[in-house]
Amino acid sequence: MKLVLFGATGMVGSRIATEASARGHQVLAVSRSGQSPVPGVTATAADATDPAKVTEVARGADAVASACVPPRDGSDPRGPFLALNEALVAGVRAAGVGRLMVVGGAGGLEVAPGQALSDQPGFPEAYLPEAHAHRDVLAYYRSLDDGLDWTYVSPAAEIAPGTRTGRFRVGGDRFMTDDKGRSFISAEDYAVAFVDELERDEHPRARMSVAY
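Attention here is on the structure that accompanies the text. All values derive from a computational prediction rather than experimental measurement. (Residues numbered from 1 in each chain as written. Predicted model: local features only at pLDDT ≥ 70, side-chain atom pairs only at ≥ 80, totals over all residues. Heavy atoms only, no water.)

### Focus on the pairing of strand β4 (residues 63-66)
Link 1 in the chain: The side-chain alternation of β4 yields two buried faces, one formed by Ala63 and Ala65 and the other by Val64 and Ser66.
Link 2 in the chain: In terms of strand pairing, strand β1 (residues 2-6) meets β4 through four bridges, oriented parallel. Counterpart to Phe6 in the pairing with β4 is Ser66.
Link 3 in the chain: Here β4 runs beside strand β5 (residues 99-103); their pairing, made up of three bridges, is parallel. Bridging from a neighbouring strand, Ala65 pairs with Met101 of β5. (Buried < 20%, exposed > 50% of the residue type's maximum accessible area, 1.4 Å probe, protein only. Helix = DSSP H or I, 4+ residues; strand = E, 2+ residues; numbered from the N terminus. Pairing = 2+ DSSP bridges.)

### Here we look at the nonpolar core
Link 1 in the chain: Val4, Phe6, Val64, Leu100 and Tyr141 are the most contacted members of the largest nonpolar core, which has 30 residues in total.
Link 2 in the chain: Where this core is concerned, the elements lending two or more residues are β1, β2 (26-31), α2 (51-58), α3 (78-95), β5, α4 (128-143) and β8 (149-154).
Link 3 in the chain: Beyond its immediate stretch of four places on either side in the chain, Leu100 contacts Val64, Ala65, Leu88, Val89, Val92, Tyr141, Leu148, Asp149, Trp150 and Thr151.
Link 4 in the chain: If you look at the next biggest cluster of nonpolar residues, it comprises 29 residues, including Leu3, Leu5, Ala17 and Met101. (Core = buried A, V, L, I, M, F, W, Y, C linked by side-chain atoms within 4.5 Å. Contact = heavy atoms within 4.5 Å.)

### Details of the packing of helix α1 (residues 11-22) against helix α5 (residues 187-200)
Link 1 in the chain: Relative orientation of the contacting elements α1 and α5 amounts to 55 degrees, with a least axis distance of 8 Å. For the element pair α1 / α5, the angle class is oblique. Between α1 and α5 lies a crossing of right-handed hand. Counted together, Met11, Val12, Arg15, Ile16, Glu19 and Ala20 of α1 and Ala187, Glu188, Tyr190, Ala191, Val192, Phe194 and Val195 of α5 form the full contact between these two elements. (Axes fitted to C-alpha atoms, helices over the stretch in contact; angles between N-to-C directions. Parallel < 35°, antiparallel > 145°, perpendicular 65-115°, else oblique. Left-handed = near helix turned anticlockwise from the far one by under 90°.)

### Some thoughts on the pattern of salt bridges
Link 1 in the chain: Here the structure, examined in full by the defined rule, presents 17 salt bridges.
Link 2 in the chain: Between Asp149 and Arg99 there is a salt bridge, and its shortest N-O distance comes to 3.5 Å. Note that Asp149 is positioned in strand β8 and Arg99 in strand β5, a separation of 50 residues in sequence.
Link 3 in the chain: On the accessibility criterion, Arg99 (8% relative accessible area) is buried.
Link 4 in the chain: Note that Asp173 and Arg142 form a salt bridge whose closest N and O atoms lie 2.9 Å from each other. Taken as a pair, Asp173 in the loop between β10 (169-171) and β11 (184-186) and Arg142 in helix α4 lie far apart in primary sequence, 31 residues in all.
Link 5 in the chain: Connected through salt bridges with shared partners, the residues Glu19, Arg23, Arg164, Asp196 and Glu199 form a single ionic network. (Salt bridge = Lys/Arg side-chain N within 4 Å of Asp/Glu carboxyl O.)

Keep in mind these values describe shape, not function.
Spelled out as structure tokens, the structure:
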């Protein structure tokens, strides 16, 4: 399929581009710099906050994916990150693309029904603004009432460069830990799960999660 990937040069985005390209998908890597994260992957420069540019680069795609992250400049990221996702949705709709996948956060995952991880004592204060921004964005996607087929993919609490094993667990809204109480996924295996979902569409209009 033809995949247009925004935020393609980041840690997660570059690994999604690598995984999708390795499986034979045609990837257009979109970033503000216009640099290709993977040899042989076509790249272009565009701003995901501009609906017209989103439409321009997304037209003709089978799916659009966003690995964009909330601003990390010290300001409150909630408004700008929500605006980015609203622009992305508007651009995708105008392009006539029906499938949108989003790299999400872990803070909104539930440790118990109605109890989010980011609301628990001991959640790192430095990560709270980003967690709240992701929670607002997920609420926005859940509020959409048109036919857009979106999937929001939450990683484990810890995600970092590592090894591609292809072995992990896929869940929904519940926070997952391993038998030692750790919640972790490598960026490489997160990308495997992300592209699996892109191909299979097993979680339409829903959040899914991935962890060891």
